[in-house]
Amino acid sequence: MAGPKVAVVGAGLIGLSTALCITETCPSCSVTVLSDQFSPNTTSDVAAGILIPHTYPDTPIHVQKQWFRETFSHLFAISNSAEASEAGIHLVSGWQIFKNTPKEQLPFWLDVVLGFRPMSEAELQKFPQHRFGQAFTTLKCDCPPYMLWLEKRLKASGVQICPRKVADLWELHSEYNIVVNCAGIGAHQLVGDKKLFPVRGQVLKVQAPWVKNFIREGDGLTYIYPGIDSVTLGGTREKDNWSLSPDPGTTQDIFDRCCSLEPSLRGAQVVKVKVGLRPSRQSVRLQREVLSQGGVKLPVVHNYGHGSGGFSVHWGTAKDAAYLVRECIAALQGSSSRAKL
Ligand code: FAD
């Protein structure tokens, strides 16, 4: 068969990185990204973009660790190249702090980040309300620069990028041989996935160039993540809340919580307030499926449901999705050669 035509639905972080991995893993494919929204109007553009894994309860830890390791090494190489500032990728050191010593003092990702160690008593003096902490260096992706950089790389690889809202994956069967579903929270409607739910997050972008270290409460609710041009202050985690409107009371609450961890932020100016819906699930849906109607078949690969941790694992899941696309191609080639016999 001629090079298979692959449609990737979704132009968030997951769609763009998956499309790029497909062009690298299956160079014979012609790849098109179809999406109703693009950067800077996706959930991915709202994210703080720090690489600290979120745990997916129904995915084996060794798989999550592999996704994180692959993502970390991929971005570490970019951070160490001439592309780093355009791609918006940089190293950042800081502290994850706990009011009470957690049961799990050694997270599964401790040997993937750099220089992980318990905080010293002297460091903990900075946080008088906290008893325990972990110090390490990780990576941060600044959005939208990272998204724009991915789009640029896709265009350079010959990938078509087209605005289009897809109402049903089947509508693509006559134009494409394989469809990859990276619709994020949009998959709730697109494929009727009832296991997928939004977790609303609100963040502030502030000007505070003197803040150089990240600070994160162990429960992930309050955080201060310095980026290249601004510092992201968070946050909220509101399950099943679909509202995309910023809430002024929440803005004040986030600001106050962050100032209690880093009092120098009182002098910072808030430049933007953003809201996004994390596409949450007990596990990422990374799976092959074959749709079929009247004897016609359409292979689909799903890659969505990254919840609070899409940035931390995106390259690992994109690689797995690309391998699933390769399996679909092998199956299509097998069936077309059987048909010729
Ligand atoms: P999206 O970015 O939402 O992209 C989905 C795409 O699909 C969009 O382009 C949309 O237009 C398109 N689409 C949907 N339906 C259709 C349709 N029917 N037809 C055509 N196109 C369609 N993760 C971390 O690892 N670290 C962090 O620090 C971090 N911070 C976060 C902070 C906040 C406030 C939020 C909200 C999230 C954060 N995340 C973080 C999580 C991360 O942002 C998500 O996991 C990730 O962005 C999900 O990417 P996605 O591509 O699946 O979804």
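Residues numbered from 1 in each chain as written. Predicted model: local features only at pLDDT ≥ 70, side-chain atom pairs only at ≥ 80, totals over all residues. Heavy atoms only, no water.

Draft legend 1. Quick look at the pairing of strand 10 (residues 223-226). Burial of strand 10 is two-sided: the residues Tyr-223 and Tyr-225 facing one way and the residues Ile-224 and Pro-226 facing the other way are all buried. The sheet contact formed by strand 9 (residues 214-217) and strand 10 spans 2 bridges and is antiparallel. Among the inter-strand pairings, Arg-216 is bridged to a residue of strand 10, identified as Tyr-223. Taken together, strand 9 and the strand that follows it, strand 10, pair antiparallel across an intervening segment of 5 residues, in which Gly-220 is found at a positive phi of about 75°. In this antiparallel pair of consecutive strands, strand 10 and strand 11 (residues 231-234), the connection spans 4 residues. (Buried < 20%, exposed > 50% of the residue type's maximum accessible area, 1.4 Å probe, protein only. Helix = DSSP H or I, 4+ residues; strand = E, 2+ residues; numbered from the N terminus. Pairing = 2+ DSSP bridges.)

Draft legend 2. Fine view of a nonpolar patch on the surface. Together, Phe-76, Leu-91 and Leu-114 line one region of the surface with nonpolar side chains, adding up to about 220 Å² of accessible area. Structurally, Phe-76 can be placed in helix 2 (residues 61-79). Classification of Phe-76 as partly exposed rests on a relative accessible area of 31%. (Patch = residues over 30% accessible without salt bridge, like charges linked within 9 Å, V, L, I, M, F, W, Y side chains within 5 Å. Areas by Shrake-Rupley, 256 points an atom, 1.4 Å probe, with all protein chains shown as cover. Salt bridge = Lys/Arg side-chain N within 4 Å of Asp/Glu carboxyl O.)

Draft legend 3. The arrangement of helix 1 (residues 13-25) in detail. Spanning 13 residues, helix 1 covers 18 Å between terminal C-alpha atoms, matching the ideal 18 Å at 1.5 Å per step. Most of helix 1 is tucked away, with 11 of its 13 residues classed as buried. Listed as buried for helix 1 are Leu-13, Ile-14, Gly-15, Leu-16, Ser-17, Thr-18, Ala-19, Leu-20, Cys-21, Ile-22 and Thr-23. (Expected span 1.5 Å × (residues − 1).)

Draft legend 4. Broad picture of the packing of aromatic side chains. What the rule picks out here adds up to 12 aromatic pairs. Taking the centre distance of 6.4 Å and the plane angle of 75° together, the rings of Tyr-56 and Trp-67 count as edge-to-face. Taken together, the residues span a long stretch of sequence, with Tyr-56 in the loop between strand 2 (30-35) and helix 2 and Trp-67 in helix 2 at a distance of 11 residues. Each member of the pair, Tyr-56 as well as Trp-67, carries the same accessibility label: buried. Note on Phe-68 and Phe-72: the rings are 5.9 Å apart at their centroids and 65° apart in plane angle, and the pair reads as edge-to-face. Here the residue Phe-68 and the residue Phe-72 both occupy positions in helix 2, the gap between them amounting to 4 residues, near one helical turn. (Phe/Tyr/Trp six-rings, centres within 6.5 Å; stacked < 30°, edge-to-face > 60°.)

Draft legend 5. Region of the structure containing the packing of helix 1 against helix 5 (residues 145-156). One can describe the packing of helix 1 onto helix 5 by two numbers: an axis separation of 10 Å at closest approach and a directional angle of 30°. In terms of orientation, helix 1 and helix 5 fall into the roughly parallel class. Taken as a pair, helix 1 and helix 5 cross one another with a handedness that is left-handed. Counted together, Leu-13, Leu-16, Ser-17, Ala-19, Leu-20 and Glu-24 of helix 1 and Tyr-146, Met-147, Leu-150, Glu-151, Arg-153 and Leu-154 of helix 5 form the full contact between these two elements. (Axes fitted to C-alpha atoms, helices over the stretch in contact; angles between N-to-C directions. Parallel < 35°, antiparallel > 145°, perpendicular 65-115°, else oblique. Left-handed = near helix turned anticlockwise from the far one by under 90°. Contact = heavy atoms within 4.5 Å.)

Draft legend 6. How the structure looks around the pairing of strand 1 (residues 5-9). A large share of strand 1 lies buried, amounting to 4 of its 5 residues. Across 5 bridges, strand 1 lies against strand 2 in parallel orientation. Its bridge partner lying in strand 2, Lys-5 is registered against Ser-30. Following the chain from strand 1 across helix 1 to the adjacent parallel strand 2, one finds a crossover that is right-handed. (Right-handed = clockwise from strand over helix to strand, strands pointing away.)

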